[in-house]
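Working through the structure, step by step
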Amino acid sequence: MSYENHMPRSRTLLAPLLCLLGLANGAQAEDSVYRQALDKELANRAVARQVVPQLAERHIGTAQGEFWQAYAELEAMQHARYADEASRQSLRNEHRGGLKAGASLAFARLFNATFIKMLAGATERYLAELEALPAQDDSASQRFWDYVIEQERAQVNALALAAESDFQGATAVLANFSRQRLQSE
């Protein structure tokens, strides 16, 4: 048999094989999208864990300080949950706040009200990004991501109130979310 006689059979076998490889790559891409989004979220939580307690301390004795303290308590409460998911996904959870945290603290010191408004807007945009992530096939990953979205939504609502200087309302949003999550677990 000549080479030309094998060509049509090879092509008919090659097409389904390439389709399967494409599907496999698509599944890997979806997994990597989740892992990339999770890694970004882990980095964001690391910045918050560094910045928020310092803001609470800076504003101690004020309604704003109580808001930042409620935020710090939320971050502390959920840290183990994030670490568990990072471990489950074989991600190294060694993020530090670093330069982003330092810049945030400096900006907040100089332009407190503007910082809160900018943070509120950025958090709202970030929530939309989190919600756009495709559903996960793994139910544990999906449950975790649902939690990520819930806590981010609580932050959006709280920061919107804080941007309007309603720190008591913002504190209540975060404290209620934390209390509800603790009771449901």
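Residues numbered from 1 in each chain as written. Predicted model: local features only at pLDDT ≥ 70, side-chain atom pairs only at ≥ 80, totals over all residues. Heavy atoms only, no water.

Details of the overall build of the protein
Spelled out, the test is: The helix and strand labels rest on DSSP assignments: H or I over at least four residues marks a helix, E over at least two residues marks a strand, and numbering proceeds from the N terminus. Accessibility here uses a 1.4 Å probe with only protein chains present; expressed as a share of the type maximum, an area under 20% marks a residue as buried, one over 50% as exposed, and anything in between as partly exposed. The contact criterion used throughout is that any non-hydrogen atoms of two residues lie within 4.5 Å. The protein chains shown are the only cover counted for residues, whose accessible areas, like all others here, come from Shrake-Rupley with a 1.4 Å probe.
A count of helices and strands for the protein gives 6 helices and 0 strands. Moving toward the C terminus, one meets the helices and strands of the protein in the order α-α-α-α-α-α. Among the 185 residues that make up the protein, the fraction classed as buried is 37%. In the protein, the share of contacts with a sequence separation of at least 24, taken over all contacts with a separation of at least 6, comes to 78%. Entry remark: accessible area of the protein is about 10,900 Å², with carbon and sulfur atoms responsible for 56%.

A look at the pattern of salt bridges
Quick reminder of the rule: A carboxyl oxygen of Asp or Glu within 4 Å of a side-chain nitrogen of Lys or Arg is what we treat as a salt bridge.
Inspection of the entire model under this criterion finds 8 salt bridges. In this structure, Arg 45 engages Glu 152 in a salt bridge whose closest nitrogen and oxygen atoms are separated by 3.4 Å. Of this pair, Arg 45 sits in helix H1 (residues 3-58) while Glu 152 is found in helix H5 (residues 139-163), placing the two residues 107 residues apart along the sequence. Each member of the pair, Arg 45 as well as Glu 152, is classed as buried. Here Arg 88 ties to Glu 85 by a salt bridge, and the two come within 3.0 Å at their closest N and O atoms. With Arg 88 and Glu 85 both in helix H2 (residues 63-88), this residue pair falls 3 residues apart, about one helical turn. A relative accessible area of 40% places Arg 88 in the partly exposed class. Here Glu 85 falls in the buried class, since its relative accessible area comes to 4%. Here the salt bridges share partners, and the residues they tie into one network are Glu 41, Arg 45, Glu 75 and Glu 152.

Observations concerning the side chain of Asn 44
Here Asn 44 is to be found in helix H1. Discounting chain neighbours no more than four positions away, the residues touching Asn 44 are Lys 100 and Tyr 126.

A short note on the side chain of Ser 178
As for its placement among the helices and strands, Ser 178 is situated in helix H6 (residues 167-183). Given a relative accessible area of 10%, Ser 178 falls into the buried group. Not counting the four nearest positions on each side in its chain, Ser 178 is found in contact with Leu 74 and Met 77.

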